[in-house]
Amino acid sequence: MDETELLRTIRSTWIHRTTLSLAKGAVLREDIRAQLERFFDLLEQVVDSGDPAWLDSILSSWASSMTQTDLESGESSMTPIIKEIMTQTNAVCRTTLDSEKALDLISVLVPAFAYSFEKATYYEMQARVAYISNQLEQAQATLERLDRSKSDFIAVAAHELKTPLTLIEGYTAMLREARDPKTGVPQDLELLNGINSGTRRLKTIIDDMIDVSLIDNNLLKLNFQPVWINRILSVLKNELEPASRERGQTFEIHDFPGCGEMTFGDPERLMQVFRNVLSNAIKYTPDGGGVSVDGRKLSGFIDVIVRDTGIGINPEDQGMIFEKFTRLGNISLHSSGKTKFKGGGPGLGLHIAKGIIESHGGAIWVDSAGYDEESLPGSTFHIMLPLRSAPPDSRMARLLSPLLSTASSEDNIQ
Ligand code: ADP
């Protein structure tokens, strides 16, 4: 009987025992029996041909199925398996064959196992190198992204801070010239107003940057109080209507179900959200267009809808505009201004709005057919807020409960 036939005689015992002993192995955990049968088939080819390279395919497939923990640990997961297969092979040969045949077969198999150890190390190393280079590539990509957003930040911050600073510089230079020759006191109120608006703008930008850092670090604290959406909108109508009128736009705020109901929220912060969305609607709508506010009541929520007839936003950009420092289009063509056409700011307004609305337990999103400065498809912003009968903090609810019962009965009377 030659060695190939000898090997075949131990097949079923070998498969049975090796499967049992490797049942807890990591690489061979699944379909372990099928894999060992394949290994045995290949072992037969090796003995038949004298070429251990027949084992390459199974060894490389075991290496490629190494788990992430194996790859991270740096320890070999395949060597212990091959060692176990070799030990079982020895034991099976000794228990099922007479000693001479067992020795014959073992001596034929030893080079195959030596080859397997060598190849396993090689394939494992290859898998590990591929894994590490992939990790490096990912780290590199993250670093590049960080670097890009850092330089975006610097470019935008420099541009935004420089505009009001240039204004202040210009006005102070003029003021120096425009002193009363006798008293030395500045004369021109308009110059002072210019300085004032420049510093106000600087303050807004710095406040926005602080808000972004509060939001990004989960430090935004809301001061929950009774609020009425229609009251917030009406304050903002008074504030923003003059600017939209100057641009020849219509500015309409409609009553809608739920807008007069009391809910709980941070009035200052909600005002900031609606101010950002409404001034954007004015900014990104050409002169003569229109901005309107409407809404609907959904179960447990109120959805405030701000529509404009402006330049619109491409679907692929609609998620991005809520990320910080996003300004679409060519930044160098933007003018700095709160309500001027396309008067882009630092690209923080919607990021802050999203942070505030999400801290309220709500959501903000935009719908638009696309961006087109000719056909003006317009944009529709949805600001969805939960309707609350009490602030989320229950201690506050208890304190406010007398007030609440009065307010809700007033609501019923209306
Ligand atoms: P910005 O300070 O630039 O206005 P925002 O965060 O408020 O920053 O908005 C981000 C970007 O989203 C804007 O630069 C603009 O490109 C786009 N955008 C926001 N609102 C509208 C709108 N109503 N119509 C068209 N584009 C808009």
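Residues numbered from 1 in each chain as written. Predicted model: local features only at pLDDT ≥ 70, side-chain atom pairs only at ≥ 80, totals over all residues. Heavy atoms only, no water.

What follows is about the overall build of the protein chain. Helix and strand counts for the protein chain stand at 12 helices and seven strands. Buried positions account for 42% of the 414 residues belonging to the protein chain. Taking the intrachain contacts of the protein chain between residues at least 6 apart in sequence as the baseline, contacts between residues at least 24 apart amount to 72%. (Helix = DSSP H or I, 4+ residues; strand = E, 2+ residues; numbered from the N terminus. Buried < 20%, exposed > 50% of the residue type's maximum accessible area, 1.4 Å probe, protein only. Contact = heavy atoms within 4.5 Å.)

With that settled, consider the environment of Trp14. Tracing the sequence through the fold places Trp14 in helix H2 (residues 11-22). It is 9.1 Å that separates the C-alpha atoms of Trp14 and Ile85, two residues lying 71 residues apart in sequence. The residues contacting Trp14, other than those within four sequence positions of it, are Thr19, Leu36, Phe39, Phe40, Ile85, Thr89 and Val92.

Okay, the site of the ligand next. Taken together, the neighbourhood of the ligand is formed by 19 residues, with Asn280, Lys283, Tyr284, Asp308 and Leu350 sitting nearest. For the ligand, an oxygen atom lies 2.8 Å from a polar atom in the side chain of Asn280. Interatomic distance of 3.1 Å between a side-chain N/O atom of Tyr284 and an oxygen atom of the ligand. Taking 540 Å² as the accessible area of the ligand by itself, protein coverage stands at 96%. Looking at the shell around the ligand, the elements with two or more residues in it are helix H10 (267-283), helix H11 (349-359) and strand S7 (379-386). (Near = heavy atom within 4 Å. Polar contact = N/O pair within 3.5 Å; in protein donor to acceptor, adjacent residues only side chain to side chain. Areas by Shrake-Rupley, 256 points an atom, 1.4 Å probe, with all protein chains shown as cover.)

Counting 45 residues, the largest nonpolar core has Ile229, Phe274, Leu278, Val304, Val306, Phe381 and Ile383 as its most contacted members. Top contributing element to this core by residue count: H10, with eight residues. In contact with Phe274, not counting residues within four places along its chain, are Ile229, Ile232, Leu233, Leu236, Val304 and Ile383. In terms of nonpolar packing, the next biggest core, distinct from the first, is built from 34 residues, Leu22, Met78, Ile81 and Leu105 among them. (Core = buried A, V, L, I, M, F, W, Y, C linked by side-chain atoms within 4.5 Å.)

Attention shifts here to the sheet that holds strand S2 (residues 250-253). Across the sheet, which stays open at both edges, the five strands sit in the order S2-S4-S5-S7-S6 with mixed pairing between neighbours. Across the chains shown, the open sheet's two edge strands, defined by having one partner strand only, are S2 and strand S6 (363-367). Each strand of the sheet is rotated relative to its neighbour by a mean of 15°, with strand direction disregarded. Relative to strand S4 (residues 290-298), S2 is paired through four bridges, and the arrangement is parallel. Residue pairing for S4: Glu252 is matched across the bridge by Ser292. (Pairing = 2+ DSSP bridges. Axes fitted to C-alpha atoms, helices over the stretch in contact; angles between N-to-C directions.)

Below, the discussion takes up the pattern of salt bridges. The tally for this structure, following the rule as stated, stands at 15 salt bridges. Residues Arg247 and Asp287 are paired through a salt bridge, measuring 2.4 Å at the closest nitrogen-oxygen approach. In this pair, Arg247 is assigned in the loop between helix H9 (229-246) and S2 and Asp287 in the loop between H10 and S4, connecting sequence segments 40 residues apart. Note on Arg247: relative accessible area 10%, which makes it buried. Across the pair Glu261 and Lys297 runs a salt bridge whose closest N-O atoms are separated by 2.6 Å. (Salt bridge = Lys/Arg side-chain N within 4 Å of Asp/Glu carboxyl O.)

What follows covers the packing of H10 against H11. Look at H10 against H11: their axes get within 9 Å of each other, and the N-to-C directions meet at 145°. Two packed elements cross with a definite hand, and for H10 against H11 that hand is left-handed. Of the residues in H11, those touching H10 at Arg269, Leu270, Gln272, Val273, Asn276, Val277 and Asn280 are Gly349, Leu350, Ile352, Ala353, Ile356 and Ile357. (Left-handed = near helix turned anticlockwise from the far one by under 90°.)

Once that is clear, we can look at the pairing of S6. What you see with S6 is a clean split: Ile364 and Val366 sit on the buried side and Ala363, Trp365 and Asp367 on the side with no burial. Relative to S7, S6 is paired through five bridges, and the arrangement is antiparallel. Within the sheet, the bridge partner assigned to Val366 lies in S7 and is Phe381.

Next up on the list: the confidence of the model for the protein chain. Mean pLDDT over the protein chain works out to 84, with 87% of the residues at or above the 70 mark. Confidence drops under pLDDT 50 across residues 331-335; counting only partners more than four residues distant or on other chains, this segment forms nine contacts. The low-confidence segment residues 404-414 (pLDDT under 50) makes seven contacts with residues lying over four places distant or belonging to another chain. (pLDDT = per-residue confidence, 0-100.)

Attention now goes to helix H8 (residues 189-216). In an α-helix there are 3.6 residues to a turn, and that puts residues three or four apart on one side. In this model, H8 (28 residues) spans 40 Å end to end at C-alpha, consistent with the 40 Å of a helix rising 1.5 Å per residue. Positive backbone phi, at 60°, marks Asn218, one or two positions downstream of H8. (Expected span 1.5 Å × (residues − 1).)

A word on the layout of surface pockets. The calculated volume of the second largest pocket comes to roughly 190 Å³. What lines the second largest pocket is simply Arg145, Arg148, Ser149, Asp152, Met320, Glu323, Lys324, Phe325 and Thr326. Each residue belonging to the lining of the second largest pocket can be placed in one class, and the counts come to two nonpolar, two polar and five charged. (1 Å grid on protein atoms, 1.4 Å probe; cavity = no way out; pocket = protein on both sides within 12 Å on 5 of 7 lines; lining within 4 Å. Points joined across faces, edges and corners; volume = space filled by probe spheres on them. Nonpolar A, V, L, I, M, F, W, Y, C, P; charged D, E, K, R; others polar.)

Within the element layout of this structure, Ala390 appears in the loop between S7 and helix H12 (394-413). Taking C-alpha positions, Ala390 is 6.3 Å from Phe264, a pair spaced 126 residues apart along the chain.

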